[in-house]
Amino acid sequence: IVSEKGMANLRSDIYGKLIGLSIPFFEKRRVGELTSRITTDVTQVQNVISVTLAEFIRQIIILFGGIAIIVFTMPRLALTMLLTFPVVVVGAMFFGRYIRKLMKARQDQLAETNVVVEETMQTIQTVKAYTNEWFEVGRYSKKLQGAVDLALKAAKMRGLFAAFIIIMVVFVFVGVRLVAHE
């Protein structure tokens, strides 16, 4: 309820702000880009609020609970694990910032594809009159390919991050074995 109502308020506020902007702003921006911002970008924020925030809270509870159990039952193991924790956090921050930047660029690229569609559809008579369909299809395909390229780059970075986490887990298991054999 909070998420849905909050996003509705955010969309309403953004729309109210857009309507209140001066004419030169609208001359510099395309309608498709602005409508895409209201729909797609706010949906991204909604995902953060409704899914990511809940997952974050759950993971924090698991983290502190797990640390407490390990410190109580095996203090040496806890020390080994806590020494690897800063490396994981720094790695997560690095990957997170880079992936977030890539995803923002992808959203911008998708907004540009919406602009092409909207421009073409608004002036379809002119496009047809000059038999420019092939040009518009090419223009759209080029923008869409840019979005795909950015999404694939972000997916590769997510894969690298997953590999990084797996390697860190392996190191923790090695530490567990070392502590267990002493």
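Above this note sits the structure.
Every value quoted in this text rests on a predicted model; they were computed, and no experiment measured them.

J.: Would you mind showing me how to read the overall build of the chain here?
T.: A tally of regular secondary structure across the chain gives 6 helices and 0 strands. The N-to-C order of helical and strand elements in the chain reads α-α-α-α-α-α. Rg of the C-alpha trace for the chain: 24 Å, well past the compact-globule value of 16 Å for 182 residues, more than 25% over. Expressed as lengths along the three principal axes of its C-alpha atoms, the size of the chain is roughly 80 × 35 × 25 Å. With 182 residues in all, the chain has 20% of them scored as buried.

J.: Mind showing me how you'd approach the environment of W134 here?
T.: With respect to the helices and strands, the residue W134 is situated in helix α6 (residues 133-181). Within the structure, W134 has its side chain in polar contact with the backbone oxygen of T131 (distance 3.3 Å).

J.: What exactly am I supposed to notice about the side chain of Q107 here?
T.: In this fold, Q107 is placed in helix α4 (residues 75-122). For Q107, a relative accessible area of 7% corresponds to the buried category. Discounting chain neighbours no more than four positions away, the residues touching Q107 are T40, D41 and Q44.

J.: Mind showing me how you'd approach the nonpolar core here?
T.: What tends to happen in soluble globular proteins is that the nonpolar side chains get buried as a cluster. If you look at the biggest cluster of nonpolar residues, it comprises 8 residues: F95, I99, L102, L150, A154, M157, F164 and M168. Those elements that place two or more of their residues in this core are α4 and α6. If you tally residues by element for this core, the top one is α6, at 5 residues. Once residues lying within four places of it in the same chain are set aside, the contact partners of L102 are L150, K153, A154 and M157.

J.: Teacher, can you tell me more about the packing of aromatic side chains here?
T.: The description of an aromatic ring pair uses the distance of the two centres, along with the angle that the planes make with each other. Applying the stated criterion to the full structure yields 6 aromatic pairs. Seen in terms of ring centroids, F25 and F26 are 5.5 Å apart; in terms of plane orientation they differ by 85 degrees. Their pairing is edge-to-face. Arranged with centres 6.0 Å apart and planes meeting at 45 degrees, the rings of F95 and F164 form a pair that is tilted. Residue F95 is located in helix α4, and its partner F164 is located in helix α6; the two are separated by 69 residues in the primary sequence.

J.: Any chance you could explain a nonpolar patch on the surface here in plain terms?
T.: Residues V71, L82, F85, V89 and M93 make up a contiguous nonpolar surface patch of roughly 380 Å² in combined accessible area. Looking at the secondary structure, you find L82 in helix α4.

Quick notes on the rules
Residues numbered from 1 in each chain as written. Predicted model: local features only at pLDDT ≥ 70, side-chain atom pairs only at ≥ 80, totals over all residues. Heavy atoms only, no water. Helix = DSSP H or I, 4+ residues; strand = E, 2+ residues; numbered from the N terminus. Rg over C-alpha atoms; globule rule 2.2 N^0.38 Å. Buried < 20%, exposed > 50% of the residue type's maximum accessible area, 1.4 Å probe, protein only. Polar contact = N/O pair within 3.5 Å; in protein donor to acceptor, adjacent residues only side chain to side chain. Contact = heavy atoms within 4.5 Å. Core = buried A, V, L, I, M, F, W, Y, C linked by side-chain atoms within 4.5 Å. Phe/Tyr/Trp six-rings, centres within 6.5 Å; stacked < 30°, edge-to-face > 60°. Patch = residues over 30% accessible without salt bridge, like charges linked within 9 Å, V, L, I, M, F, W, Y side chains within 5 Å. Areas by Shrake-Rupley, 256 points an atom, 1.4 Å probe, with all protein chains shown as cover. Salt bridge = Lys/Arg side-chain N within 4 Å of Asp/Glu carboxyl O.

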